[in-house]
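Next come the chains, spelled out residue by residue.
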Amino acid sequence: DEQHNIMQEVVETKKPVRSRTESERKASTSSSTTQPKEQNEKWKSASSPKSHEVTWHKKYNELKSYKEKHGHCLVPQKYTPDIKLGQWVMAQRRQYTLQQNGKKSSFDGPSGKKRVELLDEIGFVWRVQRRGPRGAYGELRRLKRHVDAAHDLDSENEVL
């Protein structure tokens, strides 16, 4: 009986859901596609070439600081103090590879050429050896499994 009373209370306190009218739907879709001019301008400026250039130089300066601290530009992809820096470094390598392969890249044009020069000046490493299963670390893991398996066989032979 108590459970029934609680359920009745919940039902009574819930407001009925009203579906939107056709005119309300049209108004909401038209307003979302025609945003205020100042908002459009704000978005344009946020993705303008100038802001991209500012962001690039900010990350470049962070990379220079990293190099001063660590002595190299090999920022790990998942560098925990600044994950975005590791991602940015990876993006620079990707853009460089695209350019080297004759594909469209952010390093195309005069400003791109200058960026490559700036990164070269600080000793940026454009190609790194893979780690993990496809790199040297993976080769060591495979070798260790082979040695362990051989050791296990030797152990079994001693018991027999």
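To be clear, the structure that these remarks concern was listed above.
Residues numbered from 1 in each chain as written. Predicted model: local features only at pLDDT ≥ 70, side-chain atom pairs only at ≥ 80, totals over all residues. Heavy atoms only, no water.

Q: Describe in detail the overall build of the chain, supporting the description with residues and values.
A: Of regular secondary structure, the chain possesses seven helices and zero strands. Overall, the chain shows an N-to-C arrangement of helices and strands of α-α-α-α-α-α-α. By residue count, 19% of the 160 residues in the chain fall in the buried class. The long-range fraction of contacts in the chain, counting pairs at least 24 apart against all pairs at least 6 apart in sequence, stands at 43%. (Helix = DSSP H or I, 4+ residues; strand = E, 2+ residues; numbered from the N terminus. Buried < 20%, exposed > 50% of the residue type's maximum accessible area, 1.4 Å probe, protein only. Contact = heavy atoms within 4.5 Å.)

Q: Explain the side chain of glutamine 92 to me, and be specific about the residues and the numbers.
A: Within the secondary structure, glutamine 92 is located in helix 5 (residues 83-100). Those residues in contact with glutamine 92 that lie beyond four places of it in its chain are Trp56, Phe107, Leu119, Phe124 and Trp126.

Q: Can you break down the nonpolar core residue by residue, with the values?
A: Core analysis: the largest hydrophobic core is formed by 18 residues, its most contacted members being Leu63, Trp88 and Leu119. For this core, the secondary structure elements donating two or more residues are helix 4 (49-70), helix 5 and helix 6 (109-121). Apart from the residues lying within four places of it in its own chain, the contact partners of leucine 119 are Trp56, Tyr60, Leu63, Trp88, Gln92, Phe107, Phe124 and Trp126. (Core = buried A, V, L, I, M, F, W, Y, C linked by side-chain atoms within 4.5 Å.)

Q: Describe the side chain of glutamine 95, with residues and values.
A: With respect to the helices and strands, glutamine 95 occurs in helix 5. Looking at glutamine 95, its side chain comes within polar contact range of the main-chain nitrogen of serine 106, at 2.7 Å. Ignoring anything within four residues of it in the chain, the contact list for glutamine 95 reads Ser105, Ser106 and Phe107. (Polar contact = N/O pair within 3.5 Å; in protein donor to acceptor, adjacent residues only side chain to side chain.)

Q: Break down the packing of helix 4 against helix 5 for me, citing the residues and quoting the values.
A: One can describe the packing of helix 4 onto helix 5 by two numbers: an axis separation of 10 Å at closest approach and a directional angle of 105 degrees. The angle between the axes of helix 4 and helix 5 places the two elements in the roughly perpendicular class. Contacts between helix 4 and helix 5 pair Trp56, Lys59, Tyr60, Glu62, Leu63 and Tyr66 from the former with Lys84, Leu85, Trp88, Val89 and Gln92 from the latter. When the residues that make up the contact of helix 4 with helix 5 are grouped by side-chain class, the tally is seven nonpolar, one polar and three charged. (Axes fitted to C-alpha atoms, helices over the stretch in contact; angles between N-to-C directions. Parallel < 35°, antiparallel > 145°, perpendicular 65-115°, else oblique. Nonpolar A, V, L, I, M, F, W, Y, C, P; charged D, E, K, R; others polar.)

Q: With reference to specific residues and values, describe helix 4.
A: Look at helix 4: 31 Å from first C-alpha to last across 22 residues, which is about the 32 Å you get at 1.5 Å a residue. Within helix 4 the residues assigned to the buried category are Trp56, Lys59, Tyr60, Leu63 and Tyr66. One side of helix 4 carries all its buried residues, which in axial view fall inside an arc of 115 degrees. What points out from helix 4, more than 90 degrees from its buried face, is the exposed set Lys50, Val54, Lys58, Glu68 and Lys69. Against helix 5 and helix 6 lie the buried residues of helix 4. (Expected span 1.5 Å × (residues − 1). Arc of directions from axis to C-beta.)

Q: Could you give an account of helix 5, with specific residues and numbers?
A: Across its 18 residues, helix 5 extends 26 Å between first and last C-alpha, which sits within 8% of the 26 Å expected from 1.5 Å per residue. Taken together, the buried positions of helix 5 are Leu85, Gly86, Trp88, Val89, Ala91, Gln92, Arg93, Gln95 and Tyr96. Residues of helix 5 that are buried in the fold lie against helix 4 and helix 6. Taken from the residues just after helix 5, glycine 102 is the one with a positive phi, measuring 75 degrees.

Q: Any details on the layout of surface pockets? Residues and values, ideally.
A: Taken as a whole, the largest pocket encloses approximately 500 Å³ of empty space. What lines the largest pocket is a set of 12 residues, among which Val75, Gln77, Arg93, Val128 and Gln129 lie closest to the centre. Grouping the constituent residues of the lining of the largest pocket by class yields five nonpolar, three polar and four charged. (1 Å grid on protein atoms, 1.4 Å probe; cavity = no way out; pocket = protein on both sides within 12 Å on 5 of 7 lines; lining within 4 Å. Points joined across faces, edges and corners; volume = space filled by probe spheres on them.)

Q: Hey, could you go over the packing of aromatic side chains for me, with residue numbers and the actual values?
A: Using the criterion set out here, one finds six aromatic pairs in the structure. Each ring, one from tryptophan 56 and one from tyrosine 60, has its centre 5.4 Å from the other, and the planes form 10 degrees; the classification is stacked. One end of the pair, tryptophan 56, and the other, tyrosine 60, are both in helix 4, four residues apart, so they sit about a helical turn from each other. By relative accessible area, tryptophan 56 is classed as buried at 2%. Summarising the aromatic geometry, the rings of phenylalanine 124 and tryptophan 126 are spaced 4.6 Å apart at their centres and angled 65 degrees between planes, so their arrangement reads as edge-to-face. Here phenylalanine 124 falls in the buried class, since its relative accessible area comes to 6%. Here a set of aromatic residues connected by ring pairs shows up, and it is made of Tyr96, Phe107, Phe124 and Trp126. (Phe/Tyr/Trp six-rings, centres within 6.5 Å; stacked < 30°, edge-to-face > 60°.)

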